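Observations on the three-dimensional arrangement
What follows is each chain in one-letter form.
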Amino acid sequence: MPGHRRVAATCLMTFAAVLLAATTDVRAEHARIDLRVISGPGKEASASSDTDPPAGGRITPPVLKVKVNQPLVLQFFFTNTDPHHDIEHVLVRYYVIRAEKLGRKPAATFADSTGRPNDAQPFLGPGVVTRGEFTMDFKPDCRVGTRLKFQIPAPGIYSVRLGSIGTQSDHEHFSAIDLVAE
Amino acid sequence: MPIACVCAPLTALASDMEISIEVKAGSQRVRTTQTEIQPSAKKPHPRPVCTVKAHQDFVVSWKATNASKRETFKDVTIHCFVVAEKEPGQTTLPPLKDPVQESALWMDFKPGGVASGKFSLAIDEPGAYLLRVETREMLATHGHEHYAALDLICE
């Protein structure tokens with residue numbers, strides 16, 4: 001880690017500092033993901049990186065039981081560990097969406113995900129609890145992360161998912177957690 | 001020559017890193033119009049205000065652009081947060097304790113390079129909140145940081 005970044009990581013006790021301070025070891029995979037949903041002290045589910053295809057990946061998402069309208073925190077760090085390529089305009093997106101079943105499932109498709117953004121299409125469609133995305137240029141070891149508060153509005157099964165789109169690879173990386181709201 | 005001397009720094013300040021934020025809350029749409037620089041001897045412009053209702057979803061979009069034609073800004077962190085403040089328009093930064101939302105990305109900005117973010121959010125507690133998108137890690141190499149900000153009034 002260059003000197004100025006080490007200094008910044010020491011001075012800034014914030015999420016941004018945590019992002020900068022993330023370890024920089026290079027692995028064979030193209031992405032390292034730490035996705036968490038936190039429902040209270042010591043109560044959380046976490047998931048690491050899976051790949052798509054196959055649609056829905058290979059890892060069964062962990063399940064976290066939560067209560068309707070309980071304050072929850074979604075947190076993730078996504079690190080590009082591809083040591084060789086710069087890739088422009090990569091989309092990193094996350095969402096919490098109502099799901100029909102627990103377990104592996106394909107990524108959700110949103111009406112505004114294809115083509116140019118259209119103001120007529122709502123960003124939050126039916127069943128979407130929260131959603132976000134970043135468009136950025138990837139370089140080796142670049143990172144993105146988020147921490148946000150949210151609540152589940154009604155009983156049911158919900159899928160929390162974070163993943164990349166447009167990395168010009170034969171696969172994308174994602175991570176998923178299932179929530180059961182009672 | 002005097003004109004060049006006066007204009008050069010102004011041009012540089014106006015055209016390096018531009019940050020904009022837009023909030024859509026129901027039929028309301030509020031945008032920032034200024035990229036502020038920090039540190040600066042100038043008082044920051046008044047922040048736009050957007051009123052949202054507690055528990056009601058709204059959508060935040062932001063964009064950060066390297067408007068320089070030649071310079072690449074390396075290892076820039078774009079930091080975004082929504083955090084409670086004492087009153088709208090306060091000039092001191094509220095502590096980043098327990099923000100409603102906080103995100104950051106880290107990348108290089110080539111000339112014309114852009115990063116953007118978009119997210120939905122709902123605030124539970126009525127009050128004033130600061131929504132700010134800022135650069136970090138540019139002060140040492142570039143001499144200043146950049147930010148755009150607006151106030152959210154949650155009713």
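What you are looking at is a predicted structure, and each value in this text was computed from that prediction instead of being measured.

**Regarding the overall build of chain A**
Helix and strand counts for chain A come out as 2 helices and 10 strands. In chain A, the succession of α and β elements from N to C terminus is α-α-β-β-β-β-β-β-β-β-β-β. Residues classed as buried in chain A amount to 38% of the 182 residues present. Partitioning the contacts of chain A with sequence separation of at least 6, the portion at a separation of at least 24 is 73%.

**Considerations on the interface of chain B and chain A**
Often, the extent of an interface is quoted as the loss of accessible area on bringing the components together. Contact with chain B, which involves 26 residues of that partner, is made by 27 residues of chain A. Those elements that provide at least two residues to the side of chain B that touches chain A are strand 6 (73-85), strand 7 (101-109) and strand 8 (114-121) of chain B. Here the side of chain B that touches chain A gets 8 residues from one element, more than from any other, and that element is strand 7 of chain B. Of the residues in the side of chain B that touches chain A, the class split is 11 nonpolar, 8 polar and 7 charged. As paired elements, strand 8 (residues 143-150) of chain A and strand 7 of chain B share 6 bridges and run antiparallel to each other. Its bridge partner being in strand 7 of chain B, valine 144 of chain A is matched across the sheet by leucine 105 of chain B.

**Some details on the confidence of the model for chain B**
Close reading of the predicted structure is inappropriate where its pLDDT is low. Predicted confidence across chain B gives a mean pLDDT of 90, with 90% of residues reaching 70 or more. Prediction confidence for the complex, expressed as pTM and ipTM, is 0.87 and 0.87 respectively.

**Overview of the nonpolar core**
Note on soluble globular proteins: their nonpolar side chains tend to be buried together. Ranked by size, the top nonpolar core spans 76 residues in total, and within it Leu179 of chain A together with Leu105, Leu121, Leu131 and Val133 of chain B carry the most contacts. Non-local contacts of valine 133 of chain B, meaning those with residues more than four positions away in its chain, are made with Ile19, Ile21, Trp62, Ala64, Ile78, Cys80, Tyr147 and Ala148 of chain B.

**Quick notes on the environment of threonine 79 of chain A**
One can find threonine 79 of chain A in strand 5 (residues 72-80). Counting along the chain gives 27 residues from threonine 79 of chain A to aspartate 52 of chain A, while the straight-line C-alpha distance between them is 17 Å.

**A closer look at unusual backbone geometry**
Cis geometry is found at the peptide bond from proline 53 of chain A to proline 54 of chain A, where omega equals 0°. Within the secondary structure, proline 54 of chain A is located in the loop between strand 3 (50-52) and strand 4 (63-66). Between glutamine 38 of chain B and proline 39 of chain B the backbone carries a cis peptide bond, its omega angle lying at 0°. Within the secondary structure, proline 39 of chain B sits in the loop between strand 3 (36-38) and strand 4 (49-52). Positive phi, close to 65°, is recorded for asparagine 69 of chain A, a residue that is not glycine. For asparagine 69 of chain A, the location among the structural elements is in the loop between strand 4 and strand 5.

Thresholds applied
- Residue numbers restart at each chain and count upward from 1, following the sequence in its written direction.
- By the order in which they are written, chains take letters starting at A while ligands take numbers starting at 1.
- Per-residue local features of the predicted model are confined to residues with pLDDT of at least 70, and side-chain atom pairs are confined, for both listing and counting, to 80 or more; whole-chain, interface and lining totals are unaffected and use all residues.
- To qualify as a helix, a DSSP run of H or I must reach at least 4 residues; to qualify as a strand, a run of E must reach at least 2; elements of each kind are numbered from the N terminus.
- A residue is called partly exposed when the number of other C-beta atoms within 10 Å of its own lies between 12 and 20, exposed at 12 or fewer, and buried at 20 or more, with C-beta atoms placed from the backbone.
- Here, residue contact means that the backbone-derived C-beta atoms of the two residues sit within 7 Å.
- The classification used treats Ala, Val, Leu, Ile, Met, Phe, Trp, Tyr, Cys and Pro as nonpolar, Asp, Glu, Lys and Arg as charged, and all other residues, Gly among them, as polar.
- For two strands to count as paired, DSSP must find a minimum of two bridges between them.
- Per-residue confidence from the predictor is reported as pLDDT, which spans 0 to 100.
- A set of buried Ala, Val, Leu, Ile, Met, Phe, Trp, Tyr and Cys residues, joined to one another through C-beta atoms within 7 Å, is what we call a nonpolar core.

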